[in-house]
Protein chains: 2
Amino acid sequence: MTPERPPFVLSFFQDKVGHDLAAWRHPEAATETVLTLEYQARLARTAERGKFDMVFLADALTLLPENNSAFTTTFYFEPLVLLATLAAATKRIGLAATVSTSYGEPYHVARAFGTLDLLSGGRGAWNVVTSMRESEAWNFGREGSLDHATRYERAQEFLDVVRLLWRSWEPDAIVADRASGRFADPDKIHPIRHRGRHFAVEGPLNVPRSPQGEPVIVQAGASSIGKAFAARNAEVIFASTPDLRSARAFYADVKEAAVAEGRRPEAIKILPGMIPIVGRTRAEAEEKHRFLKGLLLPEAAIRYLSQWLETDLSGFDPDRPLPDIFDIERIRGQKGRFANIIDISRREKLTLGALAARVAATRTHCFMVGTAEEIADEMEAWLDGGGCDGFNILTTHLPAGLDEFVDEVVPLLQERGRFRADYEHETLRGHLGLPFDEASLERRGVSEAPRYHARLTETASA
Amino acid sequence: MTPERPPFVLSFFQDKVGHDLAAWRHPEAATETVLTLEYQARLARTAERGKFDMVFLADALTLLPENNSAFTTTFYFEPLVLLATLAAATKRIGLAATVSTSYGEPYHVARAFGTLDLLSGGRGAWNVVTSMRESEAWNFGREGSLDHATRYERAQEFLDVVRLLWRSWEPDAIVADRASGRFADPDKIHPIRHRGRHFAVEGPLNVPRSPQGEPVIVQAGASSIGKAFAARNAEVIFASTPDLRSARAFYADVKEAAVAEGRRPEAIKILPGMIPIVGRTRAEAEEKHRFLKGLLLPEAAIRYLSQWLETDLSGFDPDRPLPDIFDIERIRGQKGRFANIIDISRREKLTLGALAARVAATRTHCFMVGTAEEIADEMEAWLDGGGCDGFNILTTHLPAGLDEFVDEVVPLLQERGRFRADYEHETLRGHLGLPFDEASLERRGVSEAPRYHARLTETASA
Ligand SMILES: Cc1cc2nc3c(=O)[nH]c(=O)nc-3n(C[C@H](O)[C@H](O)[C@H](O)COP(=O)(O)O)c2cc1C
Ligand SMILES: Cc1cc2nc3c(=O)[nH]c(=O)nc-3n(C[C@H](O)[C@H](O)[C@H](O)COP(=O)(O)O)c2cc1C
C-alpha cells in the first residue's frame, strides 16, 4: 500500500435486517431472528471476518410513527447494550454506537463509552448526534426539540465535558502496589470542575483510561452547522451523498473546514454511505435490485418520505413531481439531508412516487449495483477521485447483503492492495491510523484540570 | 425438593476483586486483570457453572474520595455495559445491574434494561437505587442530593414509568407478515402519556417485549421508607444483616409489609448478603480469615468507616469505643445501614478500630467461616429459621472466593436437595419462580394506556 494509493476505511452499518424500507419482507432477511443476540453477534463477526475497521449502530429515542411501524421494523435496541454484547462476541473490530447529546447526562455517557472502550481493549467509538425528531423530546419531558443551533451548541459542551471526564484519570494512575497498599495515585486522578452553560460536572470519572486513550469521535452533520461541528470535533465522518459529484463537494468542504480549525486533513476519515448490490453478472445484480423494489409498498414509501420532509405527502399525486412547498428554514430535523433530497428530486426530475421509492431504498446514500469487480472499481474511483477515505457499508437486506460484500468485494480490494488482509492493530485508533492526541483538548483552550482534592467524608463532618 | 424444605435462591455479587477492602492486596486476587472482559466473563461463567440464579452488579455515580482511591479499588464500570458483555458470555444465569433513579431518565433506563432482557432471552433484572452520596449529585449539575424521602418519591414515579414503558408493546405486537407487508400491529403498541410530578413521558418504548415479560425488580432499602418501597415494588430484596437474629426481624418486617400491600409473601425473595470463607478444616478457614485481616491498612479502614458514618473519624482514638456523636436524622445517605453499624458497635462493644475493621471486611453483611459442611449447615439454619429465601453471595477476594464456594459449598446444597442440580428454566423469572404478572401495575391504579395514535409527520404538516 503506497501513500498514493491509500487503503479504504470500511465501517459496517449494522441495522436490524437491512436498510431497504422493505428489507424485512425479503425471503432471505433475518426477520424471525432479528431480536436475538445470536443474529446480532453473527453480523458483527461477519464484518470482523471481512476485516472492517468498525461496526456502527444508529439510534433514535422514539418509536417512529404508527403507520410506519405497521409497515416496517422501527424498533431500536439501546445501542450501548447491544454494542457491549458485540464487544464480547468479537476480538478486533471497532465498535461504534450513536448517543444523542440532547437528552442525556455527560457523566452517564462518558462512563458508558469509557467502560465499553476499556472492556473491548480500546475498540470504542461514539457517534455524536443531536436528535432531530419532535417525538424524541416528548419522551424526555420536553414539549419539542431544541432548535438546530442550540442543539449543536449543547452538543459541543456535552462533548467537551465527556472528553475531560475520559482524561480525568492519567494513563498511569493505577499503581496497584500490593506491598505498600497503594492502589491508585490520587495525584493522577483529577476532577474536571466544569461549570458551563448547559452542564455542571465535578468529576473525576469513576472509570480508568482505556488502552486507546479514549473512544474515537464519529459524527454525521450535513447542514452547515453540522459540518462545522464535525470539522472541529470528529475523527470519522459519515456522509450521505448520492453520487461522486456531491461526495467530492462534501469531502473538500469538510477537509477545508478542518484545516481552518487547525487540524490535519488526514486526522479525519470521511465515509459516505454505500449500498452494494453484488451479482455474478451485472444482469443478476440488476435483477436483485428489481426484486427488492417489488417488495416496497408505495404507501409505506410515501409515509417514509413524509417523515424526512416533515410534511404529509399522502394527498399528493405520486405520478407528478414533488410539490413546491418546501422551505428549509421550517425544517427542525435533518436540515442537511432534507436539502439533499430536494436536490435529488430536482436534478433527476423524479416523480413523487419515484423519489419516495428512491429514499426508501437509499435514504440519500449511494447505490453501487454490479459485479464485485465493477463495485470495487467504482469504490476505487471514489477514493482516488477525492470523494472519500472509505465507505460506511449499508446493505439492502441482512445477513445476505453483508455476506456477499465480505465474500466477494472485500477479497478483490485486498488483492488490489487497497484493504488490509488482516488486522495489524489491537485498537480502533490503530486500525484507523488515528493515534490518540493527549494535547488536543488543551489546544482548544480547555485549561488543565486541577488535582483531585481530598474529600474525606461525603457530608462535611460534625 | 419439598415445599417444607424450599430451595435456596442464590445471587452472586460480582464486584471487582472482592468485597474485602483489602481484597486487591491478596496474592490470589485478580488485581492485574480486573479491568479485562476475560476476567469479568470468567466470574459470571463460574457463577453459571454453580447454577446461581443471577449475577449482580452494584454501582456508584462517583469516584469515592481520594484517600480511599489511593488505598483500594473504587472505580465502577458502567453496569449495563458490563452486564451486556456478561449476557453474551453466558447462557442461562440471570443478570442484574444497579441503576439509580435520581440522575437519569426513565426512557433511557427502560430501553437499556428492555434491550438487555430481550437480547439475553429474558434474564434481566434491575436493582433500583436512589443514590446516597453528595458527590454523586455534583456529577449531575446539582449542589447536593435530594433528601431521603424525595429520593424515594421520585424513585416510585421513575419505576412506574419504566414499567409502563416495558408494557407499551403487547407481547404479540410484532406480526411480521411478509405477504401483506404488515410488520407490527399498531393497535398493540401504546403510548403511555405519563405526566407526573417528576417526569413527562409520551412513549411508547422503541424496544419490543422480552421473553420474560419484563425485567425482575431488585431493591435493597434498609430504612423504613426504603423497606416500604421494597415491599411495594421489589421481587428480589437484598438485605444486609450481620446475624440470624437481625435477618429474622428484617425478613418478618418486609414480608408483613408486602402482605399489607396486597402481595403474596412468596412473590418476594429476600437475600441477605453472606461472605463465605471455606476451609478444608475450620482451622484452615480461620487462618484464611486472619490472613485477610492482616492485609487491611488500619487508616484505610477508618477512612472507609468515616464514609459510612458521614463523619471524619481520623481524629478519634481507635482503641476506644465509637464516640457518641451520631444522630440518624443528620444522615443523608444510607440511613438503614448507618443504624445497623451503630447497632453492631453497641451490641458487640467494639472499639472504633475493631468496628472499622469489621465494616471494611463485611460492610454489615454476615460472615460464615468454616468447612463447606459447616457453611451449608448455617445457610440451612438461616433459610429454615425464617431469616431468608436465599443469599446474595459476597466474596472476600476474587476469583478464589467464588471458585471455592462453587466447588465446595454448592455441591453440598445440591446433594441435600436444597439447590438446583441444573437450570430448569430459560428465564430469570423461571429460575426464581416469579412469573410475570401482567396485571400487577393496573392493580395499583395505573390506568390502562391508550392506543398509540397516528403521528404521521414529526412536525405537523403545512
Ligand atoms: C450514516 C448516518 C448515520 C446517522 N445516524 C444517526 C443516528 O443514529 N441517530 C440520529 O439521531 N441521527 C443520525 N444521523 C443524522 C446526523 O447525525 C445528522 O443529524 C444529519 O445528518 C443531519 O445533519 P444536521 O444535523 O447537520 O442537519 C446519521 C446520519 C448519517 C449520514
Ligand atoms: C447488597 C446491597 C447492594 C446495594 N447496592 C447498591 C448499589 O449498587 N448502589 C447504591 O447506590 N446503593 C446500593 N445499596 C444501597 C441500598 O440501595 C440502600 O440505599 C441502602 O441499603 C440504604 O437503605 P435506605 O435507602 O433505605 O436508607 C445496596 C445495598 C445492599 C444491601
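Our structure is the block above this text.
Residues numbered from 1 in each chain as written. Chains lettered and ligands numbered in written order. Predicted model: local features only at pLDDT ≥ 70, side-chain atom pairs only at ≥ 80, totals over all residues. Heavy atoms only, no water.

## Focus on the pairing of strand 3 (residues 94–100) of chain A
Residue and element names in this part refer to chain A. In terms of residue burial, strand 3 counts as a mostly covered element, since seven of its seven residues are buried. Where burial is concerned, the two faces of strand 3 agree: the one with G94, A96, T98 and S100 and the one with L95, A97 and V99 are both buried. Where strand 2 (residues 54–57) meets strand 3, four bridges bridge the pair, whose relative direction is parallel. Note that in strand 3 the partner of F56 across the bridge is A96. Sheet analysis places strand 3 next to strand 4 (residues 124–129), joined by six bridges and oriented parallel. Bridge pairing in strand 4 links A96 to A125. Once the chain exits strand 3 it traverses helix 4 (residues 106–119) before rejoining the sheet at strand 4, and the crossover so formed is right-handed. (Buried < 20%, exposed > 50% of the residue type's maximum accessible area, 1.4 Å probe, protein only. Helix = DSSP H or I, 4+ residues; strand = E, 2+ residues; numbered from the N terminus. Pairing = 2+ DSSP bridges. Right-handed = clockwise from strand over helix to strand, strands pointing away.)

## Notes on the interface of chain A and chain B
On the chain B side, the residues contacting the 100 residues of chain A number 100 residues. Where chain A abuts chain B, roughly 8600 Å² becomes buried across the two surfaces, and 62% of that area is made up of carbon and sulfur atoms. Scanning the region where chain A abuts chain B turns up six salt bridges. Close ionic contact of A:R195 with B:E143 constitutes a salt bridge, the shortest N to O distance being 3.8 Å. Summed over the shared surface of chain A and chain B, the result is 42 residue pairs in polar contact (both at pLDDT 80 or more). Each residue belonging to the side of chain A that touches chain B can be placed in one class, and the counts come to 49 nonpolar, 28 polar and 23 charged. (Contact = heavy atoms within 4.5 Å. Buried area = accessible area lost by both parts, 1.4 Å probe. Salt bridge = Lys/Arg side-chain N within 4 Å of Asp/Glu carboxyl O. Polar contact = N/O pair within 3.5 Å; in protein donor to acceptor, adjacent residues only side chain to side chain. Nonpolar A, V, L, I, M, F, W, Y, C, P; charged D, E, K, R; others polar.)

## Examining the site of ligand 2
Residues and elements named next belong to chain B. In the vicinity of ligand 2 lie 22 residues, with D59, Y152, A220, A222 and S223 positioned nearest. The contact in question runs from an oxygen atom of ligand 2 to an N or O atom on the backbone of D59, over 2.8 Å. Between ligand 2 and A220 there is a distance of 2.8 Å, counted from an oxygen atom to a backbone nitrogen or oxygen. Every element with two or more residues in the shell around ligand 2 is listed here: strand 4 (124–129), helix 6 (148–166) and helix 11 (335–347). For the shell around ligand 2, the element with the most residues is helix 11, which contributes three residues. Taken together, the residues of the shell around ligand 2 sort by class into eight nonpolar, eleven polar and three charged. (Near = heavy atom within 4 Å.)

## Focus on the pattern of salt bridges
Using the criterion set out here, one finds 72 salt bridges over all chains in the structure. The salt bridge involving A:K51 is made with A:D422; its shortest N-O contact spans 3.3 Å. Of this pair, A:K51 sits in the loop between helix 1 (37–49) and strand 2 while A:D422 sits in the loop between helix 14 (400–415) and helix 15 (428–432); the two residues are 371 residues apart in sequence, bridging distant segments of the chain. Residue classification places A:D422 among the partly exposed positions, given a relative accessible area of 40%. The salt bridge partner of B:E380 is B:R416, with a shortest N-O separation of 2.7 Å. In this pair, B:E380 is assigned in helix 13 (residues 372–384) and B:R416 in the loop between helix 14 (400–415) and helix 15 (428–432), connecting sequence segments 36 residues apart. Taking the relative accessible area as the measure of exposure, B:R416 reaches 25% and is therefore partly exposed. One salt-bridge network, held together by shared partners, links A:R163, A:R167, A:E214, A:E235 and A:R429.

## Side note on helix 13 (residues 372–384) of chain A
Quick reminder: α-helices carry 3.6 residues per turn. Residues three or four places apart thus point the same way. All names here are of chain A. Relative to the 18 Å expected for 13 residues at 1.5 Å per residue, helix 13 spans 18 Å between its end C-alpha atoms, a close match to the ideal helical length. Within the sequence span of helix 13, burial applies to A372, I375, A376, M379, E380, W382 and L383. Seen along its axis, helix 13 keeps its buried residues to an arc of 160°; they face one direction. Buried residues in helix 13 make contact with strand 1 (9–13), helix 8 (244–260), strand 11 (269–278), strand 12 (366–370), strand 13 (390–393) and helix 14. Among the residues trailing helix 13, G386 stands out with phi positive, at a value near 75°. (Expected span 1.5 Å × (residues − 1). Arc of directions from axis to C-beta.)

## Concerning the site of ligand 1
Residues and elements named next belong to chain A. Taken together, 22 residues form the shell around ligand 1, and within it D59, Y152, A220, A222 and S223 come nearest. Between D59 and ligand 1, the recorded distance is 2.7 Å, taken from a backbone N or O atom to an oxygen atom. Interatomic distance of 2.5 Å between a side-chain N/O atom of Y152 and an oxygen atom of ligand 1. The set of elements that each furnish at least two residues to the shell around ligand 1 consists of strand 4, helix 6 (148–166) and helix 11 (335–347). Among the elements that take part in the shell around ligand 1, helix 11 stands out by supplying three residues, more than any other. The residue inventory of the shell around ligand 1, partitioned by class, reads eight nonpolar, eleven polar and three charged.

## Brief notes about the packing of helix 13 of chain B against helix 14 of chain B
When two helices pack together, their arrangement is given by the angle between the helix axes and the distance between those axes. All names here are of chain B. Contact pair helix 13 / helix 14: the axes reach a minimum separation of 9 Å and the direction vectors enclose 55°. Here helix 13 lies oblique to helix 14, going by the angle between them. Considering only the axes of helix 13 and helix 14, their crossing is right-handed. Counted together, A372, E373, I375, A376 and M379 of helix 13 and F405, E408, V409, L412 and L413 of helix 14 form the full contact between these two elements. In terms of residue class, the contact of helix 13 with helix 14 is made up of eight nonpolar, no polar and two charged. (Axes fitted to C-alpha atoms, helices over the stretch in contact; angles between N-to-C directions. Parallel < 35°, antiparallel > 145°, perpendicular 65-115°, else oblique. Left-handed = near helix turned anticlockwise from the far one by under 90°.)

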